[in-house]
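Secondary and tertiary structure notes
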Amino acid sequence: MEIKMENLTKVFVAKDKSEVRAVDNVSLTIPSGKLIGLLGPSGCGKSTTLYLLAGLLRQNDGKIYFEEDEVSNTPPEKRGIGLVFQNYALYPHMTVRENILFPLQNLKVEAELAKQKTVEMARLVGLESMLDRKPKELSGGQQQRVAIARALVKTPRVLLLDEPLSNLDARLRLQTREEIKRIQRETQITTVFVTHDQEEAMSISDEIVVMKDGVIQQMGAPQDVYDDPSNLFVAKFLGNPQINVFDGVIKGKKIYINDMVVGKSKLPDGEVLIGIRPEGFIVDQEKKSPFKFNIDLVSTIGRDTTLIVDLPSESDNILDKKSFKAIVDAMLRIQSGDEIHFIVRPEKMFLFNMEGERLE
Amino acid sequence: MEKRNNLKAWLYLAPLLILMGIFIFYPLINAFYISILEEYRPLAPGGATATGYTLSNFARILNDELFWQAIKNTFVVAFISVPISILISLVIAVSLNSIPKLKALYQTVFFLPYVTNAIAIGMAFAFMFHKDYGLINLMLSWLGIDPVNWVGNVATWWAQMGALLVYTIWGGLAFKILVFTSGLQNIDKQYYDAAKIDSASKWTVFRRITVPLLSPFILYISITSMIGALKAYRTVIGLFGERLGAQQNSMITIVAYVYKYRSAYQDVSAISYAASAAIILFFITVVFSLIQGVVSRKRVHY
Ligand SMILES: Nc1ncnc2c1ncn2[C@@H]1O[C@H](COP(=O)(O)OP(=O)(O)OP(=O)(O)O)[C@@H](O)[C@H]1O
Ligand SMILES: [Mg+2]
């Protein structure tokens, strides 16, 4: 089912009358049957957006549509959504079976059928053998799967997941991520997956939505957003290690960093911010490129070598010192102290104005 | 090391244990002792006397029709007032919780009975239940119901008991509401959000989420208020005065029975009868508390 948000706004008023625009004029269409990753730093309004979709919070302004139906004022119990809470919110006094059965009982599903569905769903999430345990007798990952089962058992029109993996250890997180993806593919339920982990969002989602301060920054397929960020925030938020940001100038159709030419541009002369992805540096073995540095630190892990270069600066304060990272082939056997000439891949370099907006 | 710590622990506990010994265990054991004395005369010239040990005091009160009247009245009060007052206070607490703005005001209103003198309120209630001028009969008349003689000389047993129950239930609400509202505040709000997502009706939420999550509080309240109801006395005095009923002793309770003999302490063995009745009440209380503990163990969620 397609979800459409139109100019959705949610303002929280704190006790001291100060206002927080947790969701600010958001317009977004989530295509049917897709898994969307809602991504952004802590406090950017991800949970709030989810709760607005669920109906647990009421928007101050704007509209929500499920397909053609406007649901802006429909109470949560009538929206037919499944929601997995940030900390699961399993009913502690009910067994796994009762937890999963609960929504079906409320929807007056016939008892035999409900029982059968519960067992089926438990099998889908691999918890058949634990149906009679209480939530506190389960591990974090198992609890999370119960929460997913409870959300899915009523075959919701939309599945909303609020940082469902945040409490899991690294391995379990990877495993559950795959499982969510698998379940979503099997059920074809339109899913919104909230996370602040860019890697998680990029790996699981059909499309990602990047949010900041309640405002949507960009939406698109993960790789497209990564390859073509619409502003500096998005460019910095995606990718690990982070994108390198340099102060640069454009003069006579050429781009300069520290008076060294790194590329060409059609933009008019002026100061710019230049973002270069760590994998965007090529080592020029003929040593012809004018873009050269002495390498300060080298760390090799497997195939890749990370070079760390301190940029020259006028100030002696260490906090003002800037450095950048380049990831190159480990075969090059670069050592610290070496002078390296870099060529910058144009498709890995983005220009921004001083406000962080993308140029070109 | 372990031993030394144990000694320390006992030392720390000593003041409390000594006080408990003086004010709880000694009176209890003393009551036992008095209850089995034969022809006990506490005020005999030259000091208290008794002729020996006997169980005849128990036999005597168990053959006393008035004692059985007291048992019956006490049980009726306990078994009707406890569940009803728990239910009412639960409903009020839950409703209060859903109107945060008025909560403070209502909490004060409901708490007033708790800080007001029971005897004074009893007199007010007695007046409310007056056959000709009382508020209750006035309200019944609006519903087209004939006036009931609640507490007058010729009131039926059930009418008196009705008035006593209303008063008992009302007087116990404040504390229960207070405990339940603080219990409700401990329940994570997220369960209610989850229940909304799971399409639960208000009634389902109350029955399947609120009540189970409050169950430790409900158990605590049901045990303490059961004990309180088994010891009912002030309410009877408050409503009916020293006659203990519309007719002499018609609303007598076990504690009132104890008190009656205790007041007659000059009579031979009267104190022993009082002690025997008190001991019987003690065992009734213990048995009920144990039953409640066992029954609820399966149903209480911690
Ligand atoms: N009930 C509330 N009252 C007031 N302010 C709130 C309330 N809920 C959220 N906010 C504010 O709204 C903003 C967005 O909060 P939200 O919970 O949506 O963030 P989030 O993106 O989910 O963050 P996180 O990743 O930490 O969970 C925050 O600034 C938060 O302080
Ligand atoms: Mg959140």
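Residues numbered from 1 in each chain as written. Chains lettered and ligands numbered in written order. Predicted model: local features only at pLDDT ≥ 70, side-chain atom pairs only at ≥ 80, totals over all residues. Heavy atoms only, no water.

Observations regarding the site of ligand 1
Residues and elements named next belong to chain A.
- Inspection of the region around ligand 1 gives 13 residues, with Ser-42, Gly-43, Lys-46, Ser-47 and Thr-48 positioned closest.
- Contact between ligand 1 and Cys-44: an oxygen atom at 3.2 Å from a main-chain N or O atom of the residue.
- Contacts to ligand 1 include Lys-46, whose side-chain N or O atom sits 2.8 Å from an oxygen atom.
- Protein contact buries 62% of the 630 Å² of open area that ligand 1 shows by itself.
- Within the residue set of the shell around ligand 1, elements represented by two or more residues are β2 (19-30) and α1 (46-54).
- With three residues, the top contributor of residues to the shell around ligand 1 is α1. (Near = heavy atom within 4 Å. Polar contact = N/O pair within 3.5 Å; in protein donor to acceptor, adjacent residues only side chain to side chain. Areas by Shrake-Rupley, 256 points an atom, 1.4 Å probe, with all protein chains shown as cover. Helix = DSSP H or I, 4+ residues; strand = E, 2+ residues; numbered from the N terminus.)

Overview of the domain arrangement of chain A
Residue and element names in this part refer to chain A.
- Per the domain assignment, the segments making up chain A are domain 1 (3-237) and domain 2 (244-352).
- Taking the mean C-alpha position of each, domain 1 and domain 2 sit 40 Å from one another.
- The interface is formed by seven residues belonging to domain 1 together with seven residues belonging to domain 2.
- Summed over both partners, the interface of domain 1 with domain 2 buries about 660 Å², with 62% contributed by carbon and sulfur atoms.
- Counting the surface domain 1 buries against domain 2, the share from its top three residues, Tyr-226, Leu-232 and Ala-235, is 68%.
- Counting across the interface, domain 1 meets domain 2 through three residue pairs in polar contact (both at pLDDT 80 or more).
- Of all the secondary-structure elements, those providing two or more residues to the side of domain 1 that touches domain 2 are α8 (222-227) and α9 (232-237).
- Residue contributions to the side of domain 1 that touches domain 2 peak at three residues, all from α9.
- Within the side of domain 1 that touches domain 2, the residues separate by chemical class into four nonpolar, one polar and two charged. (Domains from an automatic or database assignment. Contact = heavy atoms within 4.5 Å. Buried area = accessible area lost by both parts, 1.4 Å probe. Nonpolar A, V, L, I, M, F, W, Y, C, P; charged D, E, K, R; others polar.)

Re the pattern of salt bridges
- What the rule picks out here adds up to 18 salt bridges over all chains.
- For Arg182(A), the salt bridge goes to Glu186(A), with nearest N and O atoms at 3.3 Å. One end of the pair is Arg182(A) and the other is Glu186(A), both in helix α6 (residues 170-187) and four residues apart, which spans about a single turn.
- Residue Glu39(B) is joined to Arg41(B) by a salt bridge in which the shortest nitrogen-to-oxygen separation is 4.0 Å.
- On the basis of relative accessibility, which here comes to 38%, the residue Glu39(B) falls in the partly exposed class.
- Classification of Arg41(B) as partly exposed rests on a relative accessible area of 36%.
- Bridged by salt links that share partners, the residues Arg150(A), Lys154(A) and Asp198(B) form one connected network. (Salt bridge = Lys/Arg side-chain N within 4 Å of Asp/Glu carboxyl O. Buried < 20%, exposed > 50% of the residue type's maximum accessible area, 1.4 Å probe, protein only.)

Digging into unusual backbone geometry
Residue and element names in this part refer to chain A.
- Cis geometry marks the peptide bond from Asn-240 to Pro-241, where omega comes out at 0 degrees.
- Following the sequence through the fold, Pro-241 ends up in the loop between α9 and β11 (244-251).
- A positive phi angle, close to 70 degrees, is found at Lys-17, a residue other than glycine.
- Along the chain, Lys-17 falls in the loop between β1 (3-13) and β2.
- What makes Lys-17 exposed here is its relative accessible area of 68%.

Concerning the interface of chain A and chain B
- With 25 residues of chain A in contact, the opposing surface of chain B contributes 17 residues.
- For the pair chain A and chain B, the two sides together bury roughly 1900 Å², of which 59% comes from carbon and sulfur.
- When the buried surface of chain A facing chain B is broken down by residue, Glu77(A), Tyr91(A) and His93(A) rank first, second and third, together holding 27% of it.
- The interface formed by chain A and chain B contains two salt bridges.
- A salt bridge links Asp198(B) to Arg150(A), with the shortest nitrogen-to-oxygen separation between them at 3.8 Å.
- At the boundary of chain A and chain B, one finds nine residue pairs in polar contact (both at pLDDT 80 or more).
- Those elements that provide at least two residues to the side of chain A that touches chain B are α1, α2 (76-79), β6 (81-84) and α3 (96-106) of chain A.
- The element best represented in the side of chain A that touches chain B is α3(A), accounting for five residues.
- Classifying every residue of the side of chain A that touches chain B gives 15 nonpolar, five polar and five charged.

Examining the side chain of Thr191(A)
All names here are of chain A.
- Mapping Thr-191 onto the fold places it in strand β8 (residues 190-195).
- A polar side-chain atom of Thr-191 sits 2.7 Å from the main-chain carbonyl oxygen of Ile-189.
- Here Thr-191 is in contact with Lys-34, Leu-35, Ile-36, Leu-159, Leu-161 and Gln-184, once residues within four sequence places are set aside.

Thoughts on the side chain of Asn149(B)
All names here are of chain B.
- Residue placement: Asn-149 occurs in the loop between α6 (135-142) and α7 (157-185).
- Reaching out from Asn-149, the side chain makes a polar contact with the backbone nitrogen of Gly-152 at a distance of 2.9 Å.
- Those residues within four positions of Asn-149 in sequence are excluded, and the remaining contacts are Lys-131, Val-154, Ala-155, Thr-156 and Ala-159.

Focus on the nonpolar core
- Counting residues in hydrophobic clusters, the biggest one holds 106 residues, and the most contacted among them are Leu83(A), Leu160(A) and Tyr257(B).
- Ranked by size, the runner-up nonpolar core spans 32 residues in total, among them Val84(A), Val125(A), Ala149(A) and Ile180(A). (Core = buried A, V, L, I, M, F, W, Y, C linked by side-chain atoms within 4.5 Å.)

Remarks on the sheet that holds strand β17 (residues 297-301) of chain A
Residues and elements named next belong to chain A.
- The three strands are arranged β17-β18-β19 in an open sheet whose pairing can be described as antiparallel. Taken across any chain shown, the strands that pair with only one partner, and hence form the sheet edges, are β17 and β19 (322-329). Each adjacent strand pair in this sheet contributes to an overall mean axis angle of 20 degrees, direction not counted.
- In this structure, strand β18 (residues 304-311) lies alongside β19, joined through eight bridges in antiparallel fashion. Pairing of Asp-310 across the sheet is with Ser-323, part of β19. (Pairing = 2+ DSSP bridges. Axes fitted to C-alpha atoms, helices over the stretch in contact; angles between N-to-C directions.)

Here's the deal with the packing of helix α3 (residues 65-97) of chain B against helix α12 (residues 270-297) of chain B
Residue and element names in this part refer to chain B.
- Axis separation between α3 and α12 bottoms out at 13 Å; the angle between their running directions is 30 degrees. As summarised for this structure, α3 and α12 are arranged roughly parallel, according to the angle between their axes. Handedness of the α3/α12 crossing: right-handed. For the pair α3 and α12, contact is made by Phe-67, Ile-71, Phe-75 and Phe-79 and by Ala-277, Ile-280, Ile-284 and Phe-288, respectively.
- A breakdown of the residues in the contact of α3 with α12 according to their chemical character gives eight nonpolar, no polar and no charged. (Parallel < 35°, antiparallel > 145°, perpendicular 65-115°, else oblique. Left-handed = near helix turned anticlockwise from the far one by under 90°.)

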